[in-house]
Amino acid sequence: MSDARFEDGAEVPLRLKAETAEDLAVLAALVQDAILSSADIHYDRKARRLGLLLNRFRWEDRVSAEAQGRPFERVRALLLISDVLAVQLSGVTPGAGGTVLSLLDLGWAPGEDGSGRLTLTLAGDGAIAAEVECLNLALRDVTRPYVAPSRKAPQHPE
């Protein structure tokens with residue numbers, strides 16, 4: 001089955017950059033409920049980059065999907081954090097048999113000089129903390145959207 005939204009080029013893959021706390025709040029909303037494998041966490045100390053390959057729910061399409069009666073979608077996306085000085089993992093072992101993790105939130109604790117600590121909170125008391133020179137994140141979809149197996153949006157208690 002074809003997807004007309006891509007055939008006419010009307011919809012392009014999501015590409016966002018976060019350099020401020022406000023930008024980070026938008027990015028955090030888009031990656032909420034993303035799932036990833038511990039094998040998809042890569043820290044390149046020499047390049048000072050932390051990359052995570054996520055399977056994220058397309059929150060930006062939720063209203064449109066509901067209005068059109070389409071099933072909800074997910075997409076594979078790359079979250080790239082640059083200018084990383086150090087990474088600390090809590091409750092996570094990278095590459096450990098591909099353990100499935102659920103991303104709950106992104107948090108920012110700025111330092112006095114523009115540096116700070118970026119924390120990725122995971123379900124089950126896990127966390128990835130990155131000491132960064134500055135806030136510099138990029139989120140980019142790397143596959144076409146696909147129907148979420150549940151065909152539903154994640155639910156959150158109000």
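Our subject is the structure listed above.
Along each chain, the written sequence defines residue order, and numbers are assigned to residues from 1. Only residues with pLDDT of 70 or above have their local features reported here, since the model is predicted, and side-chain atom pairs are shown and tallied only from 80 upward, although totals for entire chains, interfaces and linings are computed over all residues. To get the side-chain values, take all heavy atoms of the structure and skip hydrogens and water.

**Notes on the overall build of the protein chain**
Within the protein chain, the regular secondary structure consists of three helices and 11 strands. Secondary structure elements are taken from DSSP: a helix is a run of H or I of four residues or more, a strand is a run of E of two residues or more, and numbering for both begins at the N terminus. Listing every helix and strand of the protein chain by position from the N terminus yields α-β-α-β-β-β-α-β-β-β-β-β-β-β. When burial is assessed residue by residue, the protein chain has 39% of its 158 residues classed as buried. By sequence separation, contacts in the protein chain at least 24 residues apart represent 67% of the contacts at least 6 residues apart. Surface summary for the protein chain: the accessible area is close to 8,800 Å², and the carbon and sulfur share equals 53%. For every residue, the accessible area obtained with a 1.4 Å probe (protein chains only) is divided by the maximum for its type, and the residue is called buried under 20%, exposed over 50%, and partly exposed between those limits. Contacts between residues were defined by any pair of non-hydrogen atoms, one from each residue, lying within 4.5 Å. Each accessible area is a Shrake-Rupley result for a 1.4 Å probe, and residues are judged covered by the shown protein chains and nothing else.

**Looking at the pairing of strand 4 (residues 49-57)**
The buried fraction of strand 4 amounts to seven of the nine residues, a majority that puts the element mostly inside the structure. Here four bridges tie strand 3 (residues 41-44) to strand 4, and the two strands are oriented antiparallel to one another. What sits directly across from Tyr 43, in strand 4, is Leu 50. Note: two strands are recorded as paired if DSSP finds a minimum of 2 bridges between them. Joining the antiparallel neighbours strand 3 and strand 4 is a turn of four residues, in which Arg 48 adopts a positive phi near 60°. The sheet contact formed by strand 4 and strand 5 (residues 73-82) spans nine bridges and is antiparallel. Following the sheet pairing, Leu 54 is matched in strand 5 by Ala 77.

**So, the packing of aromatic side chains**
Centres within 6.5 Å are what make two rings of Phe, Tyr or Trp a pair, Trp counting through its six-membered ring; a difference in plane orientation under 30 degrees is then read as stacked, over 60 as edge-to-face, and the rest as tilted. Taken as a whole, this structure holds two aromatic pairs when the rule is applied. Here Phe 57 and Trp 59 contribute two aromatic rings whose centre-to-centre distance is 4.5 Å and whose plane-to-plane angle is 75°, an arrangement assigned as edge-to-face. With respect to burial, Phe 57 and Trp 59 carry one shared label: buried. When the centroid spacing of 5.9 Å and the interplanar angle of 55° are considered together, the rings of Phe 57 and Phe 72 count as tilted. Here Phe 57, found in strand 4, pairs with Phe 72, found in the loop between helix 3 (62-68) and strand 5; they are 15 residues apart in sequence, far enough to count as distant. Three or more aromatic residues joined by ring pairs make a cluster, and in this case those are Phe 57, Trp 59 and Phe 72.

**Here's the deal with the pattern of salt bridges**
Salt bridge, as used here: a side-chain nitrogen of Lys or Arg that lies within 4 Å of a carboxyl oxygen of Asp or Glu. Inspection of every chain in the model, using the stated rule, returns 13 salt bridges. Arg 48 serves as the salt-bridge partner of Asp 83, at 3.6 Å between the closest nitrogen and oxygen. You can see Asp 83 sitting in the loop between strand 5 and strand 6 (84-90) and its partner Arg 48 sitting in the loop between strand 3 and strand 4, a full 35 residues away along the chain. When the shortest N-O distance is used, the salt bridge between Arg 58 and Glu 60 registers 3.6 Å. We classify Arg 58 as buried; its relative accessible area is 6%. Members of the salt-bridge network, linked through shared partners, are Arg 56, Arg 58, Glu 60, Asp 61, Arg 70, Glu 73 and Asp 141.

**Here's the deal with the side chain of Arg 74**
Tracing the chain through its elements places Arg 74 in strand 5. Only four residue types enter the tally: Lys and Arg on the positive side, Asp and Glu on the negative side; His and the chain ends are excluded. Buried charged residue Arg 74 carries no salt bridge. Nearest counter-charge: Asp 33, at 6.5 Å. A polar atom in the side chain of Arg 74 sits 3.1 Å from the backbone oxygen of Asn 55. In this view, Arg 74 contacts Asp 33, Ala 34, Asn 55, Arg 56, Phe 57, Arg 58, Arg 144, Pro 145, Tyr 146, Ala 148 and Pro 154; residues no more than four positions away in its chain are not counted. By the criterion applied in these results, polar contacts are pairs of N or O atoms within 3.5 Å in which, for protein atoms, one can donate a hydrogen and the other can accept it, and in which residues neighboring in sequence qualify only through two side-chain atoms.

**Observations concerning the nonpolar core**
Counting 35 residues, the largest nonpolar core has Leu 52, Leu 54, Ile 81, Leu 103, Leu 120, Leu 137 and Leu 139 as the members making the most contacts within it. Looking at this core, the elements with two or more residues in it are helix 2 (21-31), strand 4, strand 5, strand 7 (100-110), strand 8 (116-122), strand 9 (126-132) and strand 10 (137-141). In terms of residue count, the dominant contributor to this core is helix 2 (five residues). The contact partners of Leu 52, leaving out residues within four places of it in the chain, are Leu 36, Asp 40, Ile 41, Ala 77, Leu 78, Leu 79, Ile 81, Leu 120 and Ile 128. What makes a nonpolar core is a set of buried Ala, Val, Leu, Ile, Met, Phe, Trp, Tyr and Cys residues whose side-chain atoms join them at distances within 4.5 Å.

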